[in-house]
Amino acid sequence: MIHTAWLLPLFVPFLVAPAGGRLASNLPPRQAMWLLTATAAGLAAASTCALALLIVPGATHLHAVAALGHLLTPLSSGSPDTVIAIAVAAGALLAWCAARLVCGARRRWTQLRHAGKLAAEADGELVVLPDEHPDAYALPGSPGRVVVTTGMLRALSAPEREVLIAHERAHLRERHHLFTAVVDLAGLCHPALRTLREPLAYALERSADEAAANAVGSRRLTARAIGRAALATRASSAAGRTRPGVTLSATAGPVPRRVAALLGHGTETRTTRPLARRAAVLALVACLAFSAGASLQAADDLHDGIEVAQGEAR
């Protein structure tokens, strides 16, 4: 009853790391962040369904389950010990993932509520903190706030401040914290999906970079502002300072790589970029298709097995 294809959704997520990194580098940022998030959510759902389906054949060896499904014989014709062992292992993994997912969702919700309370207490969209440490970040809420310290304001010129604020506004406007939440929770369902967190973070920052460049009308100014803000932040000691857990910041991630992308100095050439882009997209779409197809096939096999077992009972 249990076929090799049933296990495919559990192994496919290990293949997405190389494709995810290339996707973030070669696809436009907004497209990359949507595709990476959809891939993480889809693969997490498929792997969770695979674990649930693996439990059923072994569970039918229990008289209570067989009676509930009106089954005369168990669904699996293989060795009972092997089938039951697989069901126990799948059940333990599913329970472990469910517990991690509940804890992760609760922690994320608490962080969002805390950020929302902080945002609600502030007057106006821009919040200036009296702190010598240069820092700036987007604080989600209803509505969200752009938080910047006096140290960061002093480190930048007036046009550069405009870039920084436009960048953080883009994070709030496009609700980037929801994308990170989906991928973080998917990583709790399958550990291999954690590898998508880094390319997603890069895509989100690049999306905000492009929005800031469009807002101020200068890619060179945007690159300079982001570079100077990152240097100012890293040159200052941040000991004892913490941000709310759901913030996004222009100084995060691989800043030199982002600056190079803004200035058009990426490592990919014009001739290889379309090929790399297509390969990365096809790889992720193939992973999703294989996982979804395997899950549907497993569900169909299980349904057929139940019908056969019920038919024998009659």
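Residues numbered from 1 in each chain as written. Predicted model: local features only at pLDDT ≥ 70, side-chain atom pairs only at ≥ 80, totals over all residues. Heavy atoms only, no water.

As annotated in an unreviewed UniProt entry, the protein chain carries the name M56 family metallopeptidase and comes from Streptomyces flavotricini.

Q: How should I be thinking about empty space enclosed by the protein in this particular structure?
A: Where empty space is left in the structure can be found by rolling a water-sized probe over the atoms. Applying the stated criterion to the full structure yields 1 cavity of 30 Å³ or more. In this structure, the largest cavity occupies an estimated 30 Å³ of space. For the largest cavity, the full set of lining residues is Ala138, Pro140, His171, Leu172, His177, Val246 and Leu248. Tallied by class, residues from the lining of the largest cavity come to 5 nonpolar, 2 polar and no charged. (1 Å grid on protein atoms, 1.4 Å probe; cavity = no way out; pocket = protein on both sides within 12 Å on 5 of 7 lines; lining within 4 Å. Points joined across faces, edges and corners; volume = space filled by probe spheres on them. Nonpolar A, V, L, I, M, F, W, Y, C, P; charged D, E, K, R; others polar.)

Q: What is the right way to read the nonpolar core from this model?
A: In a soluble, globular protein the nonpolar side chains are often hidden away together inside. Counting residues in hydrophobic clusters, the biggest one holds 24 residues, and the most contacted among them are Val16, Leu23, Leu193, Leu196, Leu200 and Leu284. Only helix H2 (16–26), helix H3 (29–59), helix H8 (176–189), helix H9 (197–216) and helix H12 (273–313) provide two or more residues apiece to this core. The biggest single contributor to this core is H3, with 7 residues. When sequence neighbours within four positions are dropped, the list of residues in contact with valine 16 reads Thr39, Leu43, Leu193, Thr195, Leu196, Leu284 and Cys287. (Core = buried A, V, L, I, M, F, W, Y, C linked by side-chain atoms within 4.5 Å. Buried < 20%, exposed > 50% of the residue type's maximum accessible area, 1.4 Å probe, protein only. Helix = DSSP H or I, 4+ residues; strand = E, 2+ residues; numbered from the N terminus. Contact = heavy atoms within 4.5 Å.)

Q: Hey, could you run me through the pairing of strand E3 (residues 145–149) in this one?
A: On a regular strand, each side chain points to the face opposite its neighbour's, so the side chains alternate between the two faces of the sheet. Burial within E3 is extensive, with 5 of its 5 residues counted as buried. Examined bridge by bridge, strand E2 (residues 136–139) and E3 share 4 bridges and lie antiparallel to one another. When the sheet's bridge partners are listed, alanine 136 is paired in E3 with valine 148. As consecutive antiparallel partners, E2 and E3 are separated by 5 residues. (Pairing = 2+ DSSP bridges.)

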